[in-house]
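Architecture and fold: a report
Below are the chains, spelled out letter by letter.
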Amino acid sequence: MTTPDPKADLLRYLRSAREALLWKLDGLPEYDARRPLTPTGTNLLGLVKHAAGIELGYLGDTFGRPSGEPLPWLAEGAEVNADMWATAEEARADIVGLYRRAWAHADATIEALPLDTVGRVPWWPSGRDEVTLHHAVVRVLADTQRHAGHADVVRELVDGATGMDRGNTCMPSDDPAWWVVHRARVERAARDA
């Protein structure tokens with residue numbers, strides 16, 4: 001039996017969640033990557049943009065390791081919720097590149113510091129702003145998984161694509177007829193309840 005390595009476990013799951021989130025953009029035209037598909041405006045590129053900022057904040061600034069990446073949506077006077085969508089001037093490649101740089105920066109923080117290292121979250125109230133690196137990594141991992149789940153639903157609404165990646169749909173069937181029958185069964189159960 002091998003000795004457990006908590007950092008390796010955290011990084012493995014975080015990296016998997018990141019890749020799942022980023023895959024949701026794969027092969028989509030610009031409009032579909034950006035268009036809001038929920039009443040609150042949830043969109044795929046916005047989720048990636050948000051995740052980049054979360055990683056840079058919690059796994060960078062919080063531990064005195066600023067990335068130097070400009071995040072204009074966090075500047076004084078920036079529009080509320082500006083990290084959850086991309087303006088027409090923000091290129092998809094730039095946002096994806098930012099996210100990949102955020103990964104590298106966050107991974108370097110995780111690798112450099114012990115999990116019990118204490119940091120201060122700059123946007124939390126003073127006196128309640130201390131977290132350990134372990135807590136911050138778990139928080140980012142949970143946030144990334146949550147947004148990957150949002151992206152699952154949004155991408156399915158766009159073109160029916162599901163799963164962790166093209167080769168791993170995590171679905172019990174790839175037969176469209178099976179899904180029609182299944183959905184009808186779920187709808188009947190909902191109406192009969």
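The present account deals with the structure reproduced in this document.

Cut-offs used in this document
All residue numbers here refer to positions counted from 1 along the written sequence of the relevant chain. With pLDDT at 70 or above as the cut-off, local features in this predicted model cover only qualifying residues; side-chain atom pairs require 80 or more to be listed or tallied, and sums for whole chains, interfaces and linings still use all residues. The basis for the side-chain values is all heavy atoms of the structure; hydrogens and waters are excluded. Stacked, edge-to-face and tilted are the three classes for Phe, Tyr and Trp ring pairs, Trp counted by its six-membered ring, which pair at centre distances within 6.5 Å; planes under 30 degrees apart are stacked, over 60 edge-to-face, the rest tilted. Think of it this way: any DSSP run of H or I at least four residues long counts as a helix, any run of E at least two long counts as a strand, and we number them from the N terminus. The cut-offs for exposure are 20% and 50% of the maximum accessible area for each residue type, with area from a 1.4 Å probe on protein chains only; residues under the lower value are buried, those over the upper are exposed, and the others partly exposed. Throughout this description, the term charge over a ring refers to an Arg CZ or Lys NZ atom that lies within 6 Å of the ring centre and within 35 degrees of the ring normal. The angle between two axes is taken between their N-to-C directions and runs from 0 to 180 degrees, where each axis is a line fitted to C-alpha atoms and a helix contributes only its stretch in contact. When an angle is under 35 degrees it counts as roughly parallel; over 145 it counts as roughly antiparallel; between 65 and 115 it counts as roughly perpendicular; any other value is oblique. When checking whether two residues touch, look at their non-hydrogen atoms; a contact exists if any pair is within 4.5 Å. Just so you know the grouping, Ala, Val, Leu, Ile, Met, Phe, Trp, Tyr, Cys and Pro go in nonpolar, Asp, Glu, Lys and Arg go in charged, and all remaining residues, Gly too, go in polar. Side-chain atoms alone can form a polar contact between residues adjacent in sequence; in general such a contact is a pair of N or O atoms within 3.5 Å, and within protein one must be able to donate a hydrogen while the other accepts it. Throughout this description, the term nonpolar core refers to a set of buried Ala, Val, Leu, Ile, Met, Phe, Trp, Tyr and Cys residues connected via side-chain atoms within 4.5 Å.

Next up on the list: the packing of aromatic side chains. What the rule picks out here adds up to four aromatic pairs. Both rings, one in Tyr58 and one in Trp124, keep their centres 6.1 Å apart while their planes meet at 70 degrees; by these two values the pair is edge-to-face. With Tyr58 in helix α3 (residues 44-58) and Trp124 in the loop between β1 (118-120) and β2 (130-132), this pair connects stretches of sequence that are 66 residues apart. Taking the relative accessible area as the measure of exposure, Tyr58 reaches 8% and is therefore buried. Taken together, a centroid distance of 4.6 Å and an interplanar angle of 85 degrees make the contact between Trp178 and Trp179 edge-to-face. Relative accessible area serves as the criterion here: at 33%, Trp178 is assigned to the partly exposed category. Members of the aromatic cluster, joined through ring pairs, are Tyr58, Trp123 and Trp124. Directly above the aromatic system of Trp23 lies the positively charged group of Arg155, at a separation of 5.5 Å from the ring centroid.

Another aspect to go through is the packing of helix α1 (residues 6-23) against helix α4 (residues 92-112). Closest axis-to-axis distance for the α1/α4 pair is 11 Å, and the angle between their directions is 175 degrees. The pairing of α1 with α4 is recorded here as roughly antiparallel in orientation. When α1 is examined against α4, the residues Lys7, Leu11, Leu14, Arg15, Arg18, Glu19, Leu21 and Leu22 are found in contact with a partner set consisting of Val96, Tyr99, Arg100, Trp103, Ala106, Asp107, Ile110 and Glu111. Tallied by class, residues from the contact of α1 with α4 come to nine nonpolar, no polar and seven charged.

In this section: the side chain of Arg92. With respect to the helices, strands and loops of the structure, Arg92 is situated in helix α4. In this structure the side chain of Arg92 is engaged in a polar contact, spanning 3.3 Å, whose partner is the side chain of Glu30. Look past the residues within four positions of Arg92 in its chain and what remains in contact with it is Leu25, Leu28, Pro29, Glu30, Ala33, Arg34 and Leu45.

Leu21, Leu22, Leu25, Leu44, Val48, Leu98 and Tyr99 are the most contacted members of the largest nonpolar core, which has 27 residues in total. When contributions to this core are tallied by element, the ones reaching two or more residues are α1, α3, α4 and α5 (133-159). If we skip the residues at most four places from it in the chain, Tyr99 touches Arg18, Leu21, Leu22, Val48, Ala51, Ala52, Glu55 and Thr144. If you look at the next biggest cluster of nonpolar residues, it comprises 19 residues, including Ala17, Tyr58, Ile110 and Leu141.

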